[in-house]
Amino acid sequence: MPPSTIAHKKPAHRIALALQGGGAFGAFQAGVLEALHDAGVEIDACSGSSIGAINAALYFGNEPSRRIERLKTFWNSVSVPGSALREHALQLWPPRGALEHRTVRRMLAEADQTYALQFGLPGFFVRRVDIPWVAGTGNPGDASVFDTQPLVRTLSNLCDFELLNRSPVQVSVVAANVATGAARYFVNHDDGLNGAMIMASGALPPWFPAVEIDGAWYWDGSLVTGAPVRHLLASASPGVSTTILRADLWSCDGPLADNLVDVDIRLKNIQHASRAAFFNETREESQRLKSLLAYALECIDGEKRQSDPQLINAAALAQPDNVRIVPVDYERSQCEAHFKDSQFGKTAIDEHWNNGRRVAEAALSQMESA
C-alpha cells in the first residue's frame, strides 16, 4: 500500500488510536498497527486497555524500525507451543462439509483453551501450584489462578519504557481500582509508564493477579471501560480537530448459539460490546443535546447571553467536540472461522493479524477518499 496522505496531516489535526481489550483477539490490533506503520500514519495519542495496553506499549516503546518486529516476537512468544504443526495436520483431513469444518474449529478452540488453563502460555503466564481458593494469604497479588511473572520478563525484554515515556505520542493505559471500582488512566507524559502499569491494565480476575501501584491495587481496565475512547475524548483540545481510530474487538451482532461453546462466545461479545455501544450512544445523545442547547441560546438576546453567568456556562457546554471516530473494528470476530479469545494457537493469531491489517487498510482508503 503506498504511503498514506494522512501521514502528512496539518499540524491542526491529530490522529488518535483506541485499543480495546480482548485476549487473543488482540492480534487483530497488531495487524492494524502494522497497516498504519506501513502506510506511514503518525499517531499523536493512543489509549489502550488490557491486551490493547500491551500492544500499545510494544509499539510505541520501540523505535519505528523495530515496532512490527517486536509485536511479532511477542505474539509468537505467547502462542501455544506446537499449535501450528497440529493445525497443519488437521487441515490435511478433508472436511465433508461446513458443519465438520466449524466443529473442527470449535474443537481447536477448546483444545487451546484447555492447554492454557492447564499449562499456561510461554512468555505470558503459568498456573499457580497453590491457588488460594478459600483461605487467603493476606496479599491480593496471590489471589489468581495464574502467575504472570513470564509476562513481566517479556515486557522487560521487548519494551523500552524510557523510550515510551520520551515519545511525542501520548500513550495512556486504563486499569480498575480494586477497592473503589474507579477507572485509573496512567499516562506516559504524566505518570511515566512502567511494566506494572501495563500489567495492571491486563490483570483480568480471577485468572491474573491484581497489581499494586503506589499502595493501590488494580485489575484489568476492561472491567471499567468498554472501549478506551473516553480518555482520548477528554484530552482532545477543542481547537484541534481529532480523528480517533477505534479498534474494538467485540461485536454485539452475531449468530444464535445452539451449543455451549457458541453460547460462551456470544456471552462475551454481548458483555463487552454492549458497554462500548452504550458509550457510543451516550456520546451521540450528548452531541445532539449540545446542538439543541446551542440553538436555544441563539434564540436569546445576545447581550443577555454575554452578561448572564449561567448562560455563559451554558454556551461553554454547548460546544460540540471536534472529534471524529472512525471504526477499525473486528466485525468478523464471530464469523464461521471464529476463534475464541482464549485461543492462542498460531493459526488463530495469524488470522486475527491478517484481518486487522485488511480492515485497517480499508479504513485508511476510505479516509483518504473522503
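Residues numbered from 1 in each chain as written. Predicted model: local features only at pLDDT ≥ 70, side-chain atom pairs only at ≥ 80, totals over all residues. Heavy atoms only, no water.

The chain is annotated in an unreviewed UniProt entry as Patatin from Paraburkholderia graminis.

Visitor: What is the right way to read the packing of helix 3 (residues 67-77) against helix 6 (residues 149-158) from this model?
Guide: A pair of packed helices is captured by two measures, namely the crossing angle of their axes and the spacing between those axes. Taken N-terminus to C-terminus, the directions of helix 3 and helix 6 make an angle of 160 degrees; their axes are 11 Å apart at the nearest point. Relative to helix 6, helix 3 is oriented roughly antiparallel. Here helix 3 and helix 6 pass one another in a crossing that is right-handed. Contacts from R70, T73, F74 and S77 of helix 3 reach helix 6 at L151, T154, N157 and L158. When its residues are assigned to classes, the contact of helix 3 with helix 6 shows three nonpolar, four polar and one charged. (Axes fitted to C-alpha atoms, helices over the stretch in contact; angles between N-to-C directions. Helix = DSSP H or I, 4+ residues; strand = E, 2+ residues; numbered from the N terminus. Parallel < 35°, antiparallel > 145°, perpendicular 65-115°, else oblique. Left-handed = near helix turned anticlockwise from the far one by under 90°. Contact = heavy atoms within 4.5 Å. Nonpolar A, V, L, I, M, F, W, Y, C, P; charged D, E, K, R; others polar.)

Visitor: What should I look at first to understand the pairing of strand 5 (residues 170-177) in this one?
Guide: Working note: regular strand, side chains alternate between the two faces of the sheet. Among the eight residues in strand 5, eight count as buried, and that is most of the element. Pairing of strand 2 (residues 45-49) with strand 5, which is carried by five bridges, proceeds in the parallel orientation. Each bridged residue has a counterpart across the sheet, and for S47 the counterpart in strand 5 is S172. Across five bridges, strand 5 lies against strand 6 (residues 183-187) in antiparallel orientation. Directly across from S172, in strand 6, lies its bridge partner V187. Taking the residues between adjacent antiparallel strands as the criterion, strand 5 and strand 6 are bridged by five residues, where G181 takes a positive phi near 75 degrees. (Buried < 20%, exposed > 50% of the residue type's maximum accessible area, 1.4 Å probe, protein only. Pairing = 2+ DSSP bridges.)

Visitor: Honestly, the packing of aromatic side chains in this entry has me stumped. Any pointers?
Guide: Each aromatic ring pair is specified by the distance between its two centres and by the angle formed by the two planes. For the structure shown, the criterion picks out 16 aromatic pairs. With a centroid separation of 5.4 Å and 80 degrees between ring planes, the pair formed by F186 and Y218 is classed as edge-to-face. One end of the pair, F186, is in strand 6; the other, Y218, is in strand 8 (residues 216-220), with 32 residues separating them in the sequence. Among the residues examined, F186 registers a relative accessible area of 0% and is labelled buried. The exposure class of Y218 is buried, given its relative accessible area of 4%. Pairwise contacts between aromatic rings join F74, W75, F124, F125, F146, W207, F208 and F344 into one cluster. (Phe/Tyr/Trp six-rings, centres within 6.5 Å; stacked < 30°, edge-to-face > 60°.)

Visitor: Even after reading the chapter, I still don't get the packing of helix 1 (residues 26-38) against helix 13 (residues 346-369), so can you show me in this structure?
Guide: Here helix 1 crosses helix 13 at 45 degrees, and the two axes come no closer than 6 Å. Considered as vectors, helix 1 and helix 13 are oriented oblique to each other. Helix 13 is crossed by helix 1, and the crossing has right-handed handedness. Together, A27, F28, A30, G31, V32, E34, A35, L36 and D38 of helix 1 and I349, H352, W353, N355, G356, R357, V359, A360, E361 and L364 of helix 13 make up the contact between the two elements. Of the residues that constitute the contact of helix 1 with helix 13, the class distribution is 11 nonpolar, four polar and four charged.

Visitor: Sorry if this is basic, but what is going on with unusual backbone geometry here?
Guide: Between P205 and the following residue, P206, the backbone shows a cis peptide bond with an omega angle of -5 degrees. Note that P206 resides in the loop between helix 8 (195-201) and strand 7 (211-213). The backbone of S50 sits at a positive phi, close to 60 degrees, despite the residue not being glycine. Relative to the helices and strands, S50 is located in the loop between strand 2 and helix 2 (51-60).

Visitor: Just to check I follow, could you spell out the nonpolar core for this structure?
Guide: The nonpolar side chains of a soluble globular protein tend to be buried with one another. With 74 residues, the main nonpolar core has F60, F74, W75 and F344 as its most contacted residues. Considering each element in turn, this core owes the most residues, eight residues, to helix 2. Sequence-distant contacts of F60, that is, excluding residues within four places in its chain, are made with I43, C46, R67, L164, S167, V169 and V171. Core analysis: the second largest hydrophobic core is formed by 12 residues, A45, L233, A236 and A276 among them. (Core = buried A, V, L, I, M, F, W, Y, C linked by side-chain atoms within 4.5 Å.)

Visitor: Would you mind going over the UniProt feature "short sequence motif: GXGXXG" (unreviewed entry) in the chain with me for this structure?
Guide: On the UniProt side, "short sequence motif: GXGXXG" (unreviewed entry) is annotated at positions that read residues 21-26 here. As annotated, residues 21-26 has a helix share of 17% and a strand share of 0%, and its two end C-alpha atoms lie 7 Å apart. (UniProt positions renumbered as here; feature names shortened; annotations may be inferred.)

Visitor: Explain the pattern of salt bridges here, please?
Guide: Any two side chains of opposite charge can pair, so long as their charged atoms come close to each other. Applying the stated criterion to the full structure yields 16 salt bridges. Residues K340 and E110 are paired through a salt bridge, measuring 2.9 Å at the closest nitrogen-oxygen approach. Residue K340 is located in the loop between strand 10 (323-327) and helix 13, and its partner E110 is located in helix 5 (residues 98-119); the two are separated by 230 residues in the primary sequence. The class for K340 is buried, based on a relative accessible area of 4%. (Salt bridge = Lys/Arg side-chain N within 4 Å of Asp/Glu carboxyl O.)

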